[in-house]
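An overview of the molecular structure
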Amino acid sequence: MSRLRHEPTWSDVLEECAVEPSTALRLIGQLGACEVAALAFCRLLERWARGDAKPATPGERQAALRRAADRVETALSGLEEPLKRYLLELEADLAEDRSWYGGPGSAELIDWEPVLSRAGVRVPPERVAQAYLELAVLVRALEGLTAAAQIDATPSRGSLWAGLFDLRENLLGRALDDLRALAVS
């Protein structure tokens with residue numbers, strides 16, 4: 001009989017480092033919703049960048065971008081409280097270290113103006129670029145945290161705190177404002 005083996009993920013890291021299991025579960029649930037919404041937003045734009053402008057009409061594409069931005073904005077809005085609580089419990093004054101949450105790679109630095117123009121979507125390209133950049137970095141950072149967990153190289157509590165703090169500063173500031181603007185455009 002074959003036994004299923006559990007591969008650790010970023011959620012295991014958060015659970016392992018948590019002070020209170022209930023705080024970790026709330027953060028994991030909301031961060032999971034953010035990850036799913038961020039992936040959908042990024043994949044929509046990446047399809048357009050490859051020339052696959054689906055849905056079929058510019059109006060439908062505009063509506064698809066609006067829905068994707070709204071979904072991410074809703075998920076990120078729900079992230080603030082559980083993230084703040086988790087950060088408090090990690091005891092920031094004892095948790096100084098280097099952040100695991102990295103900056104953008106060259107693949108995330110895309111000029112969205114011609115892509116949006118080709119797709120017939122009328123939104124500010126600088127807002128799309130900023131939102132895409134922050135969401136792509138989020139997805140990549142969670143993938144990196146999962147990879148670290150799988151090779152048993154879990155970051156220290158200080159590094160985790162620093163990374164989660166960076167995540168909060170990057171996502172719950174300007175990126176959230178950009179997504180709100182895209183959701184109503």
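Read on for an overview of the structure. This one's a predicted model, so the numbers in the text were calculated from it and none came from an experiment.

1. Quick word on the overall build of the protein
From N to C terminus, the protein includes seven helices and zero strands. Its helices and strands taken in sequence order, the protein reads α-α-α-α-α-α-α from the N to the C terminus. Taking the principal axes of the C-alpha coordinates as reference, the protein spans close to 50 × 45 × 30 Å. Counting only residues that meet the buried cut, the protein has 45% of its 185 residues in that class. Taking the contacts inside the protein whose residues are at least 6 apart along the sequence as the reference set, 84% of them involve residues at least 24 apart. Surface exposure of the protein reaches about 9,600 Å², of which carbon and sulfur atoms provide 51%. Put simply, the protein has 22 plus and 29 minus side-chain charges, and the middle of one group is 8 Å from the middle of the other.

2. Quick notes on the pattern of salt bridges
The final tally for this structure, using the stated rule, is eight salt bridges. The salt bridge partner of R174 is D178, with a shortest N-O separation of 3.6 Å. One end of the pair, R174, and the other, D178, are both in helix α7 (residues 157–184), four residues apart, so they sit about a helical turn from each other. Salt-bridge contacts for D177 lead to R180; the nearest nitrogen and oxygen are separated by 3.9 Å. Of the two residues, D177 and R180 both sit in helix α7, three residues apart, roughly one turn of that helix. For D177, a relative accessible area of 44% corresponds to the partly exposed category. Of the residues examined, R180 reaches a relative accessible area of 37% and is grouped as partly exposed. Residues joined by salt bridges that share partners form a network here, namely E73, D177 and R180.

Quick notes on the rules
- Residues numbered from 1 in each chain as written.
- Predicted model: local features only at pLDDT ≥ 70, side-chain atom pairs only at ≥ 80, totals over all residues.
- Heavy atoms only, no water.
- Helix = DSSP H or I, 4+ residues; strand = E, 2+ residues; numbered from the N terminus.
- Buried < 20%, exposed > 50% of the residue type's maximum accessible area, 1.4 Å probe, protein only.
- Contact = heavy atoms within 4.5 Å.
- Areas by Shrake-Rupley, 256 points an atom, 1.4 Å probe, with all protein chains shown as cover.
- Lys, Arg positive; Asp, Glu negative; His and termini not counted.
- Charge placed at Lys NZ, Arg CZ, Asp CG, Glu CD.
- Salt bridge = Lys/Arg side-chain N within 4 Å of Asp/Glu carboxyl O.

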